[in-house]
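Topology and contacts: notes
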Amino acid sequence: MLLLSIDQGTTSTRAMLFDRDGRVRAAAQQEHQQIYPAPGEIEHDADEIWTRTLAVTRAALAQADAPVVALGITNQRETVVIWDARTGAPIANAIVWQDRRTADFCAGLKAHEAEVTARTGLLLDPYFSASKIVWLLDHVPGARGRAERGELRMGTMDCFLLWRLTGGRVHATDATNASRTMLYNIHDGRWDDWLLDLFGVPKSLLPEVRDSVAAFGVTDPALFGQAIPITGIAGDQQAATVGQACFAPGMVKCTHGTGSFLMLNTGARAVPSQHHLLTTIAYQFDGKPTYALEGSVFSAGVSIKWLRDGLGLIGSAAEADALAERAGPHKGVYLVPAFSGLGAPYWDAAARGVICGLTAGSDAGDLARAALEAVAYQTRDLVAAMTAEFAGDAGASVLRVDGGLTNSRWLMRFMADMLGRPVDVPDVAETTALGAAFLAGLGAGVYDGLDDIAAHWRRAARYEPTMPEPERRALYAGWQAAVRRTLG
Ligand SMILES: Nc1ncnc2c1ncn2[C@@H]1O[C@H](COP(=O)(O)OP(=O)(O)O)[C@@H](O)[C@H]1O
Ligand SMILES: O=P(O)(O)OC[C@H](O)CO
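So, here is what we can say about the structure in this document. Just so we're clear, the structure is a prediction, and the values are computed from it rather than from any experiment. Sequence order as written defines the numbering, with residues in each chain counted from 1. In the order they appear in the text, chains get letters beginning with A and ligands get numbers beginning with 1. Thresholds applied to this predicted model are a pLDDT of at least 70 for local features of residues and 80 or more for the giving and counting of side-chain atom pairs; totals over whole chains, interfaces and linings are not thresholded and use all residues. Excluding hydrogens and water, the side-chain figures rest on all heavy atoms present in the structure.

Quick notes on the overall build of the protein
Counted only if it meets this: Helical segments are the DSSP runs of H or I of at least four residues, strand segments are the runs of E of at least two, and each set is numbered from the N terminus. Radius of gyration here is computed from C-alpha atoms only, and the compact-globule reference equals 2.2 Å multiplied by the residue count raised to the power 0.38. We call a residue buried when its accessible area falls under 20% of the maximum for its residue type, exposed when it is over 50%, and partly exposed in between, using a 1.4 Å probe and counting protein chains only. Note on definitions: a residue-residue contact is assigned when non-hydrogen atoms from the two residues lie within 4.5 Å. The Shrake-Rupley method, run with a 1.4 Å probe, gives the accessible areas here. Residue values count only the displayed protein chains as cover. By the counting rule applied here, Lys and Arg register as positive and Asp and Glu as negative, while His and the ends of each chain are not counted. The atom standing in for a charge is NZ when the residue is Lys, CZ when it is Arg, CG when it is Asp and CD when it is Glu.
If you tally the helices and strands in the protein, you get 17 helices and 22 strands. Over its C-alpha trace the protein gives a radius of gyration of 21 Å, about what one expects of a compact globule, namely 23 Å for 488 residues. For the protein, the C-alpha atoms occupy an extent of roughly 60 × 50 × 45 Å along the three principal directions. For the protein, the residues scored as buried account for 61% of the 488 residues in total. Partitioning the intrachain contacts of the protein with sequence separation of at least 6 by distance along the chain shows that 72% fall at a separation of at least 24. For the protein, the exposed area adds up to about 17,100 Å²; of that, 51% sits on carbon and sulfur atoms. When the 44 basic and 54 acidic side-chain charges of the protein are each reduced to a single mean position, those positions are 1 Å apart.

Here's the deal with helix α6 (residues 157–165)
The element α6 is extensively covered by neighbouring structure, given that 9 of its 9 residues are classed as buried. Looking at α6, one finds that the buried residues are Met 157, Asp 158, Cys 159, Phe 160, Leu 161, Leu 162, Trp 163, Arg 164 and Leu 165. Phi for Gly 167, located one or two positions after α6, is positive at around 65°.

Some details on the pattern of salt bridges
Which entries qualify depends on this criterion: In what follows, salt bridge is the name for a side-chain nitrogen of Lys or Arg lying within 4 Å of a carboxyl oxygen of Asp or Glu.
Counted under the stated rule, the structure contains 36 salt bridges. Asp 125 is the salt-bridge partner of Arg 100, the closest N and O atoms lying 2.8 Å from each other. Within this pair, whereas Arg 100 is found in the loop between β7 (94–95) and α2 (103–108), its partner Asp 125 is found in the loop between α3 (113–120) and α4 (129–139), the two being separated by 25 residues in sequence. Here Arg 100 falls in the buried class, since its relative accessible area comes to 5%. Exposure remark for Asp 125: the relative accessible area of 5% places this residue in the buried category. Arg 472 is the salt-bridge partner of Glu 469, the closest N and O atoms lying 2.8 Å from each other. Remark: Arg 472 and Glu 469 occur in helix α17 (residues 469–486); sequence separation between them is 3 residues, near one turn of the helix. It is possible to trace a salt-bridge network through shared partners that takes in Arg 77, Glu 78, Arg 180, Asp 236 and Glu 294.

Concerning the packing of helix α13 (residues 364–389) against α17
Formally: Helix axes use the C-alpha atoms of the stretch in contact, all axes being lines fitted to C-alpha atoms, and the angles between their N-to-C directions lie in the range 0 to 180 degrees. We call two directions roughly parallel when the angle between them is under 35 degrees, roughly antiparallel when it is over 145, roughly perpendicular when it lies between 65 and 115, and oblique otherwise. Any residue outside Ala, Val, Leu, Ile, Met, Phe, Trp, Tyr, Cys, Pro, Asp, Glu, Lys and Arg is labelled polar, Gly included; the first ten of those are nonpolar and the last four are charged.
Axis separation between α13 and α17 bottoms out at 11 Å; the angle between their running directions is 90°. In terms of their interaxial angle, α13 and α17 are classed as roughly perpendicular. Residue-level inspection shows Ala 374, Tyr 377, Gln 378, Arg 380 and Asp 381 of α13 in contact with α17, the latter providing Arg 472, Leu 475, Tyr 476 and Trp 479. Grouping the amino acids of the contact of α13 with α17 by side-chain chemistry returns 5 nonpolar, 1 polar and 3 charged.

Considerations on the sheet that holds strand β14 (residues 252–256)
Spelled out, the test is: Pairing between two strands requires that DSSP report at least two bridges joining them.
The strand order β16-β17-β15-β14-β20-β21-β22 describes an open sheet built from 7 strands, whose pairing is mixed. Both outer strands of the open sheet, β16 (278–285) and β22 (459–463), are each paired with one neighbouring strand and no more. Adjacent strand axes in the sheet meet at a mean angle of 30° when their direction is disregarded. Relative to strand β17 (residues 288–297), β16 runs antiparallel, the two sharing 7 bridges. Pairing of Thr 279 across the sheet is with Leu 293, part of β17.

Thoughts on the site of ligand 2
This is how it is decided: When we say a residue is near a molecule or strand, we mean one of its heavy atoms is within 4 Å of it. The term polar contact refers here to a pair of N or O atoms within 3.5 Å; inside protein, the definition further demands a hydrogen-donor-capable atom paired with an acceptor-capable atom, and it admits residues adjacent in sequence only when both atoms are side-chain atoms.
In the neighbourhood of ligand 2, the contacting residues comprise Gly 9, Thr 10, Gln 76, Arg 77, Glu 78, Trp 97, Tyr 127, Asp 236, Gln 237, Thr 258 and Phe 261. Measuring from an oxygen atom of ligand 2, one finds a side-chain N or O atom of Arg 77 at 2.9 Å. Asp 236 is positioned such that a nitrogen or oxygen atom in its side chain is 2.5 Å from an oxygen atom of ligand 2. Protein contact buries 92% of the 310 Å² of open area that ligand 2 shows by itself.

Let's talk about the pairing of β16
Judged by how many residues are buried, β16 sits mostly within the fold: 8 of 8 residues are covered. The turn linking β16 back onto β17 is made up of 2 residues, and Asp 286 within it adopts a positive phi angle of 50°.

Considerations on unusual backbone geometry
Both trends apply: most residues other than glycine have a negative phi, and most peptide bonds are in trans. Omega for the bond connecting Ala 344 with Pro 345 falls within 30 degrees of zero, at -5°, which places this linkage in the cis form. Within the secondary structure layout, Pro 345 lies in the loop between β18 (334–336) and β19 (354–356). Unlike most non-glycine residues, Glu 78 shows phi in positive territory, near 70°. Here Glu 78 lies in the loop between β5 (68–75) and β6 (80–84). For Glu 78, a relative accessible area of 1% corresponds to the buried category.

Looking at the site of ligand 1
Around ligand 1, a shell composed of 15 residues is seen, among which Thr 11, Arg 14, Thr 258, Gly 301 and Gly 404 lie nearest. At 2.6 Å from an oxygen atom of ligand 1 is found a side-chain nitrogen or oxygen belonging to Thr 11. Measuring from a nitrogen atom of ligand 1, one finds a side-chain N or O atom of Asn 407 at 3.4 Å. Burial of ligand 1 by the protein chains amounts to 83% of its free accessible area of 590 Å². At the level of secondary structure, the elements contributing two or more residues to the shell around ligand 1 comprise α11 (301–310) and α12 (317–326). If one sorts the elements of the shell around ligand 1 by residue count, α11 sits on top with 3 residues.

Observations regarding the environment of Thr 79
One can find Thr 79 in the loop between β5 and β6. With a relative accessible area of 0%, Thr 79 lands in the buried category. It is 9.9 Å that separates the C-alpha atoms of Thr 79 and Ile 42, two residues lying 37 residues apart in sequence. The contact partners of Thr 79, leaving out residues within four places of it in the chain, are Ala 94, Ile 95, Val 96, Trp 97, Gly 155, Thr 156 and Met 157. There is a polar contact of 2.8 Å between the side chain of Thr 79 and the side chain of Gln 76.

Here it is, written out as structure tokens:
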């Protein structure tokens, strides 16, 4: 018996097969194009993502040595696509979560932010889907009229893939993805008419919202030669929370991929934030949401990718790690990767990146180290906000981390040092994909419940802090000074 997981991420799409113990039995992955139409704008070609999803899923299924009983989908969140209900063709490229083109539009709605936050748990930032949907409706010729006539459908990437995987039969999403659109009331558990009115989004565009574990339909047999039941869906950070088995209130995970996303389980209580964190849905079973506080950092691994693709300074991400290992004493070089503005806890859409502290003696090692260090400093910013918020409950515990950047042992050591607490890395690095498989397995009756899943979480490594406190304090103070230079 195997569980299939599709993880549609910001930079790539993966398909993986897991057994009941959560061990990886097959994996395939393809990157897709990042389209930058103008500074601060990022798009994806949804058709390309679909083609890559099909290719990686077929490649993983070809390695299956046992029946595949269920499929779980997880995805980059907020990224939104609108398509024709009849043909399934996207009307434009998907607008990606990092895209800032709607910053002015969001600034114009600031007077309504308190009400928007009360309903959605989110801040009025271009990060979320609502303003991107409005942009598409207003800029793609004829789109608003077609939407008002009920001819179009919108969705986050899970929803688009579900539509395509079911041969256009199912237009649905799950509560975690809905909770990131800024159109969904996280307390009432429904699309919110006041928000739809505020943004001017026709209801006919929107998918049905289901639990994270639900009968979402079956794959069209024409695609994979079998009808696989789709029984779990969650946004990638929420799926990682499940994959890290953070089921008890107070448990925290942090995923370091393109961005960094910290999530603290707050149980059945939606905790409003005083420190610019987001209140969101971690997962939803039987109509009952479990809530979380989230700290979202927009640029983490993206700066390593920039060293490789933008500067040509390294040939591969792993080289950044090697350079950092070899770099000499810290020379005060900092990189603040505000490539897409700054997210939590600053929320400055206008901020742009900065490299500071350069001298003629600075070299590639200093830059690589600064890019990796920034991931740890930003995590410390989040942990500080979360600790202030949760009055100690999340204060002393270990941080469970995952995502592509956990491949950097140098970063994991520095992270433990900067946080002054142990950092645990699980043995399945692809925690997001594993979480989606767990959800699908719950839906297919493979697992009895969350305790059964938690029993399958295994630690691969623990990193303990060793840096002396004065050094830790001085390095972090340098970071805070560098951040001040980026703020608009
Ligand atoms: N050995 C490594 N050292 C440093 N960074 C790495 C290493 N391996 C991968 N990365 C970074 O991890 C990121 C990919 O992580 P991943 O979790 O796959 O991202 P996403 O799901 O956002 O597409 C990339 O930005 C890459 O630069
Ligand atoms: O695809 P990732 O891992 O960069 O995650 C993206 C987040 O879901 C955006 O909110």
